[in-house]
Amino acid sequence: MTYPLTTAAPKVVLITGASSGIGEAIARRLAAVGHHVVLGARRVERLAALAKEIDAEGGSALPHTLDVTDPLSMRSFVQAALDRYGRIDVLVNNAGVMPLSRLDALRTEEWDRMIDVNLRGVLHGIAAVLPTMNGQGAGHIVNVASVSGLRVDPTAAVYSATKHAVRALSEGLRQESRDLRVTVVSPGLTRSELADTIADQATKDAVTGQMAIAIPAAAIGEAIHYAITAPAEVDVNELVIRPTAQG
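Thresholds, definitions, all that
- Residues numbered from 1 in each chain as written.
- Predicted model: local features only at pLDDT ≥ 70, side-chain atom pairs only at ≥ 80, totals over all residues.
- Heavy atoms only, no water.
- Helix = DSSP H or I, 4+ residues; strand = E, 2+ residues; numbered from the N terminus.
- Rg over C-alpha atoms; globule rule 2.2 N^0.38 Å.
- Buried < 20%, exposed > 50% of the residue type's maximum accessible area, 1.4 Å probe, protein only.
- Lys, Arg positive; Asp, Glu negative; His and termini not counted.
- Charge placed at Lys NZ, Arg CZ, Asp CG, Glu CD.
- Pairing = 2+ DSSP bridges.
- Right-handed = clockwise from strand over helix to strand, strands pointing away.
- Salt bridge = Lys/Arg side-chain N within 4 Å of Asp/Glu carboxyl O.
- Core = buried A, V, L, I, M, F, W, Y, C linked by side-chain atoms within 4.5 Å.
- Contact = heavy atoms within 4.5 Å.
- Polar contact = N/O pair within 3.5 Å; in protein donor to acceptor, adjacent residues only side chain to side chain.
- Axes fitted to C-alpha atoms, helices over the stretch in contact; angles between N-to-C directions.

**Comments concerning the overall build of the protein chain**
Next up, step 1: Across its full length, the protein chain holds 7 helices and 7 strands.
Next up, step 2: In the protein chain, the succession of helices and strands from N to C terminus is β-α-β-α-β-α-β-α-β-α-β-α-α-β.
Next up, step 3: In terms of overall dimensions, the protein chain is globule-like: its C-alpha atoms have a radius of gyration of 17 Å, near the 18 Å expected for 247 residues.
Next up, step 4: In terms of overall dimensions, the protein chain has a C-alpha envelope of 50 × 40 × 35 Å along the principal axes.
Next up, step 5: By residue count, 50% of the 247 residues in the protein chain fall in the buried class.
Next up, step 6: Each charge sign in the protein chain was given a centre, from 23 positive and 26 negative side chains, and these centres are 2 Å apart.

**Observations concerning the pairing of strand β6 (residues 180-187)**
Next up, step 1: Burial of β6 is extensive: 8 of the 8 residues sit out of reach of the surface.
Next up, step 2: Residue alternation in β6 divides its side chains into two sets, Leu180, Val182, Val184 and Ser186 and Arg181, Thr183, Val185 and Pro187, and both sets are buried.
Next up, step 3: Bridging between strand β5 (residues 139-144) and β6 involves 6 bridges; their strand directions are parallel. Residue pairing across strands places Gly139 opposite Leu180, the latter belonging to β6.
Next up, step 4: Where the polypeptide runs from β5 across helix α5 (residues 157-176) and back to β6, its parallel neighbour, the crossover connection is right-handed.
Next up, step 5: By the bridge criterion, 4 bridges tie β6 to strand β7 (residues 238-241) in an arrangement that is parallel. Of the residues in β7, the one forming a bridge with Ser186 is Val240.

**Re the pattern of salt bridges**
Next up, step 1: Per the counting criterion, the structure on display carries 10 salt bridges.
Next up, step 2: Taking the shortest distance from any N to any O, the salt bridge between Arg87 and Asp89 comes out at 2.9 Å.
Next up, step 3: For Asp89, a relative accessible area of 18% puts it in the buried group.
Next up, step 4: Its salt-bridge partner being Glu110, residue Arg107 comes within 3.4 Å of it at the nearest N-O pair.
Next up, step 5: Residue Arg107 is classed as partly exposed on the basis of its relative accessible area, which comes to 28%.
Next up, step 6: The exposure class of Glu110 is buried, given its relative accessible area of 15%.
Next up, step 7: Shared partners join several salt bridges into a network, and the residues in it are Glu24, Arg28 and Glu53.

**Comments concerning the pairing of strand β3 (residues 60-65)**
Next up, step 1: Pairing analysis gives 6 bridges linking strand β2 (residues 36-41) to β3, with the strands arranged parallel. Bridge pairing in β3 links Leu39 to Pro63.
Next up, step 2: Note on the crossover from β2 through helix α2 (residues 44-56) to β3: the handedness is right-handed.

**Remarks on the nonpolar core**
Next up, step 1: Of all hydrophobic cores here, the largest spans 37 residues; its most connected members are Leu14, Val38, Ile88, Leu100, Val129 and Met133.
Next up, step 2: Elements supplying a minimum of two residues to this core: β1 (12-16), α3 (71-85), α4 (108-136), α5 and β6.
Next up, step 3: The element that contributes the greatest number of residues to this core is α4, accounting for 7 residues.
Next up, step 4: The residues contacting Leu100, other than those within four sequence positions of it, are Thr155, Ala156, Tyr159, Ile198, Asp200, Thr203 and Val207.

**Re the side chain of Ser19**
Next up, step 1: Examined against the element boundaries, Ser19 turns out to sit in the loop between β1 and α1 (21-32).
Next up, step 2: By relative accessible area, Ser19 is classed as buried at 7%.
Next up, step 3: A polar side-chain atom of Ser19 sits 3.2 Å from a polar atom in the side chain of Arg43.
Next up, step 4: Setting aside anything within four residues of it in sequence, one finds Ser19 in contact with Glu24, Ala41, Arg43, Arg46 and Leu47.

**Description of the sheet that holds β2**
Next up, step 1: One open sheet holds the 7 strands; their spatial order is β3-β2-β1-β4-β5-β6-β7, and the pairing between them is parallel. In the strand order of this sheet, the two ends are held by β3 and β7, each with one partner. Across the sheet, the mean angle separating the axes of adjacent strands is 15 degrees when strand polarity is ignored.

**Structural notes on the environment of Ile115**
Next up, step 1: Tracing the chain through its elements places Ile115 in helix α4.
Next up, step 2: Exposure remark for Ile115: the relative accessible area of 30% places this residue in the partly exposed category.
Next up, step 3: The spacing of Ile115 and Leu180 is 65 residues in sequence and 25 Å in space, taken between C-alpha atoms.
Next up, step 4: The residues contacting Ile115, other than those within four sequence positions of it, are Arg120 and Thr162.

Limitation: the analysis is restricted to geometry and does not speak to function.
Here is the structure:
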């Protein structure tokens, strides 16, 4: 497949957690319509392979190593995009982990990891791009939350807390600016590698059993494409995308 040019002006889109799953699907969808995608993740070999494939098909992709828990790594990621393209139009804060377990299992290291990646990682991304976007007088921050940010289920207390926080953070950012657009995308059951981060076997088995109804990650890529291509004066604030069969 050869990627066509978008009918709108191409955007420079930074995507965290781009090496697989939802992040990879977002990159493929946006590159397919001509946007410049800057791919960030820790698994640099997978990023390089994805970028090479996108470039070979006529798209534009820049891979860069990224650890969202490290503010310096995030700033380096953003600077790489500025060095190549001179601007940043969109940041998609997608990186996340989901090691679900009951609270009484006391997996405190996993709690800290979820807070570091799912919440602090989003804050680090915002802090890294906000000066540039404010200087441009325009920009779009897309935060990938979860339907777990709309409800709480057993084993998901800490994960849900991080996603509720992302929604609150996004709404506060939206209200603080009249120039930036802010979108929250909340996926339901989606085929990705998130379940692989669950160490508690009983919980992992339960989640795996639910994945029969999961939607493809491409559905989330399509939703983000919709949000970022809305007219400049339109801010798509929140999108919830889940399987029709999900309760």
